[in-house]
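One-letter residues, chain by chain:
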Amino acid sequence: MEEALDEPLLEERRRSGSASTQASREDDGAGVKRWTIRRVVLQESAWLALGCVVLLIRMPFSIAMPYFQALVLAKLAGHERHEVWSTIKFMAGAGCIDAVLDFWCVYLFSYTKSRLIKSLRLKLFEKVLAQEIGYFDVTPSGELSSRLTTDIATLANDMTWVFRFSIEAVARILGVSLTLFHTDWRLALVTCTAVPLLAGANRLYSKFLRENAIRVQDSLAKANSVAQEVLSCFRVVYSFANEKYEYQRYQKEVSKNFHLNVKQAIIDGFYYMFVSTFLMNTAVRVLIIGYGAHLFFAGEIDFEKLSRFVFFLDMLQNWCNMLFDSFSNLIKSGGASAKVFEILNRTGAAGRGKGGAGDDRRGDDEGEPLDQRNDAAGSGQGHVAFENVHFSYPARPGDIVLKGITFEAEAGKTLAIIGRSGSGKSTLIHLIENFYQPSAGRVLLDGRDVHSFEHTRLHSIVSIVNQDTVLFGGTIYDNITYSVHNSGEPLLARELMPRVVEAAKVANIHDFISSLPEGYDTEVGERGVQLSGGQRQRIAIARAVLMNPRVLLLDEATSSLDNESEKAVKDALDRVMENKTVIVVAHRLSTIMNAHSILVMEDGAIVDCGPPSGMQDRLRSGAADMEILE
Ligand SMILES: Nc1ncnc2c1ncn2[C@@H]1O[C@H](COP(=O)(O)OP(=O)(O)O)[C@@H](O)[C@H]1O
Ligand SMILES: [Mg+2]
């Protein structure tokens, strides 16, 4: 048995685990282009180019400043009053033009940055939505929100400013260097002695930065996911009085981030001490002024040239610093961008049918008009079948959860699944929803593999009500209509209201909603915390009813409720279940006995099945074992 399962398991591992890592290394064979910094920059190339053009027009005006300054000083020394004033006028004119152009530089690059942030964020969110369920089993949501917020902003910020400053700095450094050589080649050569030292220091520094940046970004994301988890489950934290424990957990992650930042600060300090202050500001300057003075006394250079050289040297230093800064920022943001691109290049849709968010592939029926597609969806009866299905969760590939499941759920009938906790009942339900793909075997809906359905179509046929329902923050109306977003219904129009009320009546929740001062416009709070479990559950049922699914999956939909709510929910369900294929995971004998047939699961396999009449005795004898309640 074990050996027979090796192949499907390997296949599953190939499909789920390695697909993503491979995809991040290779080019997608299907011709889907990978996301890289270059591709992102190219996307905004028009705006960036415009910014650069303004930058280049601006350049002569700002480079002219030291030239004018030296000239004024020289004319002053020569008491050439008229020349002094006319040079100052030129200087002021050039400065004003420079200032106006500066506005456009800042505006254009900031605008490009905002465009980049917006498009990267949307792209990333779309990509996250396109991931398979297994991805969310192993990826904390806090980490993803960290990618969406800080990482994207860092990435876009650095990319645009680096781009701007690098281009500006390189152009200016070239221009100034040429001017320096033109002014005095001997002094310029002395300046160049710093270059190999600079290159060496930069190499060391960038190596450290690159490694540290990824650690910094990771530690931030971890801290973020702790915070997010605590905030979203605060009631649990409170009920165990674990605020201190959670604080310490967060503190641990924040401290890790702090230590990495301190390490960064020490290295930064050394780097700036050596490169900026010692090498550029002190050593080069002392050398130049010393050697310049020597040349001046030897009569080989005049006062104007020497002061012009020193002014330009200042400018050169500023721009070199600017270049180093943007260069180190780019490396620092490398940690953020690596993570963002890792997600952007993930081939997530592996686990879902066509037509999901971010799915670049065309569905096989995408060309059809919507009504025809719905017609096609309407042609089946809601017959569900499992054919020798094996399954293990991607997060735990070694643990085989379903071991050769074969059964049929007849259209329009109710099938009850019973079995001990952990026997694989919910897993089976999840496979019908195509949350995961079987390692081997097929799950069929009306004779067709659920995985081959268009994503939105499958989920307009099949609906699920779980044990613990999560609602969305928003009104009751929003929550009930959540199930019809994909159907092209006019959601905001009040035309939908009669149907919403109808669904709420079927779900036994209309009276309660009407008793609220704001009725259907009542806010339910984040995840529906302002409602009781039974009310949430009935709203979830109304949501399913409104959608009118052909196959209804009920996974212990009533088991977390008290007796009174259970009765209300059960009555609601009995009405909903009419004329539908219903697969119900249940513990109550009455529910089980009302089903057309029963499956008994044990340890991932079906150990008994048949109509309730034939199984009565067996059920009663095994009731305690299977946690069946009277
Ligand atoms: N997302 C998951 N990742 C890994 N293992 C899971 C996941 N969900 C459930 N399991 C495991 O699968 C087995 C079957 O779980 P489940 O189908 O939920 O049982 P139940 O019959 O109680 O509904 C259990 O051993 C459980 O630990
Ligand atoms: Mg379960």
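Residue numbers here run from 1 along each chain, matching the order of that chain's written sequence. As they are written, the chains are lettered A onward and the ligands numbered 1 onward, keeping that order. Only residues with pLDDT of 70 or above have their local features reported here, since the model is predicted, and side-chain atom pairs are shown and tallied only from 80 upward, although totals for entire chains, interfaces and linings are computed over all residues. Side-chain metrics in this entry use all non-hydrogen atoms of the structure; hydrogen atoms and water are not considered.

### Section: the site of ligand 1
- Proximity is defined per residue: if any heavy atom of the residue lies within 4 Å of a molecule or strand, that residue is considered near it. Residues in close proximity to ligand 1 total 13 residues, the closest being Gly422, Gly424, Lys425, Ser426 and Thr427.
- Pairing of N or O atoms within 3.5 Å defines a polar contact, subject to two protein rules: one partner must be a possible hydrogen donor and the other a possible acceptor, and residues neighboring in sequence count only if both atoms are side-chain atoms. In the environment of ligand 1, an oxygen atom lies 3.5 Å from a nitrogen or oxygen atom belonging to the side chain of arginine 396.
- For ligand 1, an oxygen atom lies 3.2 Å from a polar atom in the backbone of serine 423.
- In isolation ligand 1 exposes 560 Å². Once the protein is present, 72% of that is buried.
- The numbering of helices and of strands both runs from the N terminus, where a helix is a DSSP run of H or I of at least 4 residues and a strand a run of E of at least 2. When residues of the shell around ligand 1 are assigned to their parent elements, the largest contribution, three residues, is made by helix α13 (residues 425-432).
- Charged means Asp, Glu, Lys or Arg here, nonpolar means Ala, Val, Leu, Ile, Met, Phe, Trp, Tyr, Cys or Pro, and polar covers whatever is left, Gly included. Residues of the shell around ligand 1, tallied by class, amount to three nonpolar, six polar and four charged. Shrake-Rupley sampling with a 1.4 Å probe provides the accessible areas, and residues are treated as covered by the protein chains on show and by no other component.

### As for helix α16 (residues 497-506)
- Turning to α16, its buried residues number three or more, namely Met497, Val500, Val501, Ala503 and Ala504. Viewed along the axis of α16, the buried residues span an arc of 160 degrees, placing them on a single side of the element. For α16, exposure combined with an orientation more than 90 degrees from the buried face picks out Pro498 and Glu502.
- Contact criterion: two residues are considered in contact whenever any of their non-hydrogen atoms come within 4.5 Å of each other. Against α15 (476-480), α17 (510-515) and α18 (533-547) lie the buried residues of α16.
- Looking at the residues trailing α16, positive phi occurs at asparagine 508, about 65 degrees. Buried, partly exposed and exposed residues are distinguished by accessible area as a fraction of the type maximum, computed with a 1.4 Å probe on protein chains only: under 20%, between the cut-offs, and over 50%, respectively. Of all possible arcs, the one meant is that of the directions from the helix axis to the C-beta atoms.

### Considerations on α18
- For α18, spanning 15 residues, the distance from its first C-alpha to its last is 21 Å, which sits close to the expected 21 Å at 1.5 Å a residue.
- Among the 15 residues that make up α18, 13 are buried, leaving the element largely enclosed by the rest of the structure. Each helix should span, by expectation, one fewer than its residue count multiplied by 1.5 Å.

### Some points on the UniProt feature "transmembrane region" (unreviewed entry) in the chain
- UniProt positions are given in the numbering used here, feature names are shortened, and annotations may be inferred rather than shown by experiment. Here, the residues flagged by UniProt with the feature "transmembrane region" (unreviewed entry) are residues 46-68, 88-109 and 270-297.
- The span residues 46-68 is 100% helical and 0% strand by assignment, and the distance between its end C-alpha atoms comes to 34 Å.
- Along residues 88-109 the backbone is 100% helical and 0% strand, and the end-to-end C-alpha distance reaches 31 Å.

### What about the sheet that holds strand β5 (residues 448-449)?
- Taken together, the four strands give an open sheet; going across it, the order is β2-β1-β4-β5, and neighbouring strands pair in antiparallel fashion. The two strands at the open ends of the sheet, each matched to only one other strand, are β2 (400-409) and β5.
- Strands were regarded as paired on the criterion that DSSP finds at least two bridges between them. Of the pairings in the sheet, the one linking strand β1 (residues 384-392) to β2 comprises seven bridges and is antiparallel in character. Considered in β2, the bridge of histidine 390 is made with lysine 403.
- Helix axes use the C-alpha atoms of the stretch in contact, all axes being lines fitted to C-alpha atoms, and the angles between their N-to-C directions lie in the range 0 to 180 degrees. Against the sheet, α13 engages β1, β2 and β4 (440-445), with an angle of about 115 degrees to β1.

### Observations concerning the confidence of the model for the chain
- Each residue gets a pLDDT score, which is the predictor's confidence in that residue and runs from 0 to 100. Confidence along the chain averages 81 in pLDDT terms, with 87% of residues attaining 70 or more.
- Confidence, expressed as mean pLDDT per element, reaches its minimum in the chain at helix α1 (residues 2-25) with 37 and its maximum at β1 with 94.
- Counted against residues more than four places away or in other chains, residues 1-29, with its pLDDT under 50, gives 38 contacts.

### So, the packing of aromatic side chains
- Side-chain rings of Phe, Tyr and Trp, where Trp is taken by its six-membered ring, are said to pair if the distance between their centres is within 6.5 Å; with planes under 30 degrees apart they count as stacked, over 60 as edge-to-face, and otherwise as tilted. Under the criterion given, the structure shown has 18 aromatic pairs.
- Judged by centre distance (5.9 Å) and plane angle (65 degrees), the ring pair of phenylalanine 296 and phenylalanine 297 falls under edge-to-face.
- For phenylalanine 296, a relative accessible area of 36% translates into the label partly exposed.
- By relative accessible area, which is 72% here, phenylalanine 297 ends up exposed.
- Taken together, a centroid distance of 4.8 Å and an interplanar angle of 20 degrees make the contact between phenylalanine 386 and phenylalanine 407 stacked. Within this pair, whereas phenylalanine 386 is found in strand β1, its partner phenylalanine 407 is found in strand β2, the two being separated by 21 residues in sequence. As far as burial versus exposure is concerned, phenylalanine 386 and phenylalanine 407 are alike and both buried.

### Considerations on the pattern of salt bridges
- We count a salt bridge whenever a side-chain nitrogen from Lys or Arg sits within 4 Å of a carboxyl oxygen from Asp or Glu. This structure, assessed with the given rule, holds 23 salt bridges.
- The shortest N-O distance in the salt bridge between arginine 58 and aspartate 98 comes to 2.6 Å. Here arginine 58 is found in helix α3 (residues 45-77), whereas its partner aspartate 98 is found in helix α4 (residues 81-129), with 40 residues between them in sequence. Take arginine 58 and aspartate 98: they sit in the same class, and that class is buried.

### Focus on the packing of helix α10 (residues 243-297) against helix α11 (residues 303-344)
- The interhelical angle for the contact between α10 and α11, taken along N-to-C directions, is 165 degrees, at an axis separation of 11 Å. Accordingly, the angle class assigned to the pair α10 and α11 is roughly antiparallel. In the packing of α10 onto α11, the handedness of the crossing is right-handed.
- The residue makeup of the contact of α10 with α11, split by class, is 16 nonpolar, seven polar and five charged. Working definition: roughly parallel below 35 degrees, roughly antiparallel above 145 degrees, roughly perpendicular at 65 to 115 degrees, and oblique for all remaining angles. Here is the rule for handedness: rotate from the far helix to the near one, and if that takes an anticlockwise turn smaller than a right angle the crossing is left-handed, while a clockwise turn gives right-handed.

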